[in-house]
Amino acid sequence: MPEDPVRELAELVESLSEWLRYQRRLGRLGLPGAKAAALAPDKEGTAEKIPTLEEIREKMGQCKRCQLYSGAKSLVFGEGSPHARLMFIGEAPGAEEDLQGRPFVGKAGQLLTRMLDKLVIRREEVYITNVVKSRPPGNRDPEPAEIEACLPFLKMQIAAIRPQVIVTLGKIATQALLGTKEPITKIRGQWQRYDQIRVMPTFHPSYLDRFPQERKKTWEDMQRVMEYLAEHED
Ligand code: SF4
């Protein structure tokens, strides 16, 4: 055990921030990267246009594909750069997100924004969304049928953005995207793949809010993500 874990974490964060500022000055961490219009081969091998984020949102309409629509004020689609190299996926909107119609703006969102600040990343540079787009009543976990109904839209968002790295925040997002039952405590911090895209599972900010002693692990995960992005600049 370190003698003073809080101090050690503060020093770790400061040295990481300093390194990121240095990389930024070198021009190595411009997160948005322009991409060509996305085309995917269909079964016949001809190119099929991948819908844009606007087209996906339009396709969802006043979505009633699962029961969550009935208790929600908004459909929280997601926000950020359509060309983001880094994408964050949480599980579901909470009360504040439902009110504002924006992802990660409540208490957990503030923690995520603070973490991005420390990483010298602006929210507009990344893309942030959730597995389900409507708030589950009482902030309960989304049910399997609700995840199944909403997941195709998340997959379309990923196909439209084609980020280099996806960070899944917490158990629900990690298990839904990767189709695994592995507990987050086991899989966290280990690179995974979704459709050839690197995925870093880590803890959800609301978990880190309850267990601040675990923040160091998420910092280490994010450090690996940032190193990968710095090494794989387009
Ligand atoms: S959670 Fe997703 S599938 Fe369910 S109503 Fe909302 S947008 Fe539609």
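Above this text sits the structure in question.
The following refers to the structure shown. A quick note: this is a predicted structure, and the numbers were derived from the prediction, not measured.

1. Regarding the environment of L112
With respect to the secondary-structure elements, L112 resides in helix α4 (residues 107-118). By relative accessible area, L112 is classed as buried at 1%. In this view, L112 contacts F88, F104, I128, L169 and P205; residues no more than four positions away in its chain are not counted.

2. Some words on the sheet that holds strand β4 (residues 86-90)
One open sheet holds the six strands; their spatial order is β3-β5-β4-β6-β8-β7, and the pairing between them is mixed. Sheet topology places β3 (79-80) and β7 (192-194) at the edges, where each strand pairs with a single neighbour. With four bridges joining them, β4 and strand β5 (residues 127-130) adopt parallel strand pairing. Residue pairing across strands places I89 opposite T129, the latter belonging to β5. Across the sheet, helix α5 (residues 144-161) is in contact with β4, β5, β6 (165-169), β7 and β8 (197-202); its angle to β4 comes to roughly 170 degrees.

3. A look at the environment of I128
Tracing the sequence through the fold places I128 in strand β5. Counting along the chain gives 39 residues from I128 to I89, while the straight-line C-alpha distance between them is 6.0 Å. In contact with I128, not counting residues within four places along its chain, are G78, E79, F88, P103, F104, L112 and R123.

Here is what the cut-offs are and how they apply
Per-chain numbering applies: the sequence of each chain, read as written, is numbered from 1 onward. Whole-chain, interface and lining totals are the exception, using all residues; otherwise, since this is a predicted model, local features are given only for residues with pLDDT of at least 70 and side-chain atom pairs are given and counted only at 80 or more. Note: side-chain values were computed over all heavy atoms of the structure, leaving out hydrogens and water. Helix and strand labels come from DSSP, where a helix needs a run of H or I of at least four residues and a strand needs a run of E of at least two; each type is numbered from the N terminus. Per-residue accessibility, obtained with a 1.4 Å probe over protein chains only, is compared with the maximum for each type, and a residue is labelled buried under 20%, exposed over 50%, and partly exposed between these values. Contacts are assigned to residue pairs with any non-hydrogen atoms lying within 4.5 Å of each other. Two strands pair under a simple rule: DSSP has to find at least two bridges between them. Between N-to-C directions, angles cover 0 to 180 degrees, with each direction set by a line fitted to C-alpha atoms, over the stretch in contact for helices.

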